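Fold and geometry: a report
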Amino acid sequence: MFGIVGTSGRCLGRGLGASWRGLHVIRQHTSLFLRTMQDTRHLHTTSPTAKKLNQPLAANQMPRAGGISSFMRLPIQTNTTGLDACFVGVPLDTGCSNRAGARYGPRGLRCESPLRPVNQGTGVNPFLTHNVADIGDVWLNLYNLEEACSNIREQYSAIISNGCVPLTMGGDHTISYPILQAMKDKYGPVGLIHVDAHPDLQDSVLGSKICHGTPFKRAYDEQILDASRVVQIGLRGTGYSSDDCNIGRSMGFRVVGAQECWYKSLEPLMAEVRQQIGEGPVYLSFDIDAIDPSFCPGTGTPEVGGLTSIQALEIVRGCRGLNLVGCDLVEVSPPYDVAGITAVMGAHLLFEMLCVLPGTQRQD
């Protein structure tokens, strides 16, 4: 059961005294929220189908600073019944090697996500065609990373069992490994578009096979990835050898370093990526540290010389037409985030991911 959650993220529905006045206020708040959610659906839904689609809570129904802090202030569900896509949080940072705090990423992303439903850059309104909700956070054992991965894999198997596409809010990059395990269980080997400052292809770190530096090595070893359809974009930074960012090439991946992206639009690159990926299932994993820390300082392992915010949008928008079966946005660390600007960028990218899912359309 969900409690009543304020924008601070604190649960107001638990630990209250037996004050009838307090209970009355909670009932009034809940009633208002449910009425405004229902009213907003009529404001935006123009789909010719009879299916009622969830809509974000509009600012003319509730001030943008108010309302429950679900992603985009969408309705909250505890499962994916009836959903085409969902936002889901994985509050894990036990796999971090440097600055921690990504366990608060889902909360930070939700707080910075009162966005409007129409993407004015592309004209897409995903809420005309897709039923979307926030299904909360997965449960995991923060004290045991291997067990946490098992927790994530099991719950994602349920999340995607009906074909729902999860848009995941991390959490550190460790989480992509168990999510991809669940993806393979359902779809077979998948393609991967991996946007990151780091290749995350180490075999082990401090003797551990599971951490945020190893997820795609584990996925490669377990034949989760179709190596001919894997592209890594944005790799850069210091290393222990001059070849650290090129590990993926020996595995059959296409690797596009950050310096190859400087001073140019990435639309031509994404046209090539779409041709390489083809029609098969593909997963998009976007580490916020792919973007230069001047735009996104709130992350655990920042590297200078990264992508611009415009290039980040070009990459996600360039995924339109692909058979995306899941996406994640990871490594947002609110304790290091100046004025929430990293979470703002992350929230916009998650919305952009929703806008390029198969079947979304323009609002004409």
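Residues numbered from 1 in each chain as written. Predicted model: local features only at pLDDT ≥ 70, side-chain atom pairs only at ≥ 80, totals over all residues. Heavy atoms only, no water.

1. Observations concerning the overall build of the chain
Within the chain, the regular secondary structure consists of eight helices and eight strands. In the chain, which comprises 364 residues, the proportion classed as buried is 55%. A separation of at least 24 residues holds for 75% of the contacts in the chain among residues at least 6 apart in sequence. Accessible area of the chain: about 15,900 Å², with a carbon and sulfur share of 53%. (Helix = DSSP H or I, 4+ residues; strand = E, 2+ residues; numbered from the N terminus. Buried < 20%, exposed > 50% of the residue type's maximum accessible area, 1.4 Å probe, protein only. Contact = heavy atoms within 4.5 Å. Areas by Shrake-Rupley, 256 points an atom, 1.4 Å probe, with all protein chains shown as cover.)

2. Quick notes on the packing of helix H7 (residues 309-317) against helix H8 (residues 341-355)
Axis separation between H7 and H8 bottoms out at 9 Å; the angle between their running directions is 20 degrees. As far as their axial angle goes, H8 and H7 are roughly parallel. Crossing handedness for the pair H7 and H8: right-handed. Counted together, Ser-309, Ala-312, Leu-313, Val-316 and Arg-317 of H7 and Met-345, Leu-349, Glu-352 and Met-353 of H8 form the full contact between these two elements. The class makeup of the residues in the contact of H7 with H8 is six nonpolar, one polar and two charged. (Axes fitted to C-alpha atoms, helices over the stretch in contact; angles between N-to-C directions. Parallel < 35°, antiparallel > 145°, perpendicular 65-115°, else oblique. Left-handed = near helix turned anticlockwise from the far one by under 90°. Nonpolar A, V, L, I, M, F, W, Y, C, P; charged D, E, K, R; others polar.)

3. Digging into the nonpolar core
Counting 52 residues, the largest nonpolar core has Ile-193 and Phe-286 as its most contacted members. Sorting elements by how many residues they give to this core places H8 first, with nine residues. Aside from chain neighbours lying at most four places away, what touches Phe-286 is Val-195, Ile-291, Ala-312, Val-316, Asp-328, Leu-329, Val-330, Leu-349 and Met-353. In terms of nonpolar packing, the next biggest core, distinct from the first, is built from 38 residues, Cys-86, Val-90, Ile-159 and Ala-227 among them. (Core = buried A, V, L, I, M, F, W, Y, C linked by side-chain atoms within 4.5 Å.)

4. Structural notes on the sheet that holds strand S2 (residues 132-137)
What the eight strands build is an open sheet, ordered S2-S1-S3-S8-S7-S4-S5-S6; its pairing is parallel. Sheet topology places S2 and strand S6 (254-257) at the edges, where each strand pairs with a single neighbour. Along the sheet, successive strands turn relative to each other by an average axial angle of 15 degrees, direction set aside. The strands touched by helix H4 (residues 176-187) within the sheet are strand S3 (165-170), strand S4 (190-195), strand S5 (225-235), strand S7 (281-287) and strand S8 (323-330), with S7 carrying the most contacts at an inclination of about 170 degrees. Against the sheet, H8 touches strand S1 (85-90), S2, S3, S7 and S8, its axis set at about 175 degrees to S8. (Pairing = 2+ DSSP bridges.)

5. Considerations on the pattern of salt bridges
For the structure on display, the rule yields 13 salt bridges. For Asp-221, the salt bridge goes to Lys-217, with nearest N and O atoms at 2.9 Å. You can see Asp-221 and its partner Lys-217 sitting in helix H5 (residues 215-221), four residues apart, about one turn around the helix. On the basis of relative accessibility, which here comes to 40%, the residue Asp-221 falls in the partly exposed class. Across the salt bridge formed by Asp-221 and Arg-218, the nearest N and O atoms sit 3.1 Å from each other. With Asp-221 and Arg-218 both in helix H5, this residue pair falls three residues apart, about one helical turn. What makes Arg-218 buried here is its relative accessible area of 8%. (Salt bridge = Lys/Arg side-chain N within 4 Å of Asp/Glu carboxyl O.)

6. Re H7
Among the residues of H7, those classed as buried are Ser-309, Gln-311, Ala-312, Glu-314, Ile-315 and Val-316. The secondary structure elements touched by the buried residues of H7 are S4, S5, helix H6 (267-277), S7 and H8.

7. Considering the packing of helix H3 (residues 145-159) against H4
Their axes nearest at 8 Å, the elements H3 and H4 cross at an angle of 40 degrees. Crossing of H3 against H4: the hand is right-handed. Facing Cys-149, Ile-152, Arg-153, Tyr-156 and Ser-157 of H3, the residues of H4 in contact are Tyr-177, Pro-178, Ile-179, Gln-181, Ala-182 and Asp-185. Looking at the contact of H3 with H4 residue by residue, the classes come out as seven nonpolar, two polar and two charged.

8. A closer look at the pairing of S5
Counting buried positions over the 11 residues of S5 gives nine, a clear majority of the element. In the classification by handedness, the crossover that spans S4, the intervening H5 and the parallel S5 is right-handed. (Right-handed = clockwise from strand over helix to strand, strands pointing away.)

9. Describing the side chain of Arg-73
The residue Arg-73 is located in the loop between helix H1 (20-44) and S1 in this model. No salt bridge forms around the buried Arg-73; measuring N to O, its nearest opposite-charge neighbour Asp-134 is 11 Å away. A polar contact of 3.0 Å, which involves the side chain of Arg-73, links it to the backbone oxygen of Leu-57. Here the side chain of Arg-73 touches Pro-63 through a polar contact of 2.6 Å, landing on its backbone oxygen. (Lys, Arg positive; Asp, Glu negative; His and termini not counted. Polar contact = N/O pair within 3.5 Å; in protein donor to acceptor, adjacent residues only side chain to side chain.)

So yeah, pure geometry; function would need other evidence.
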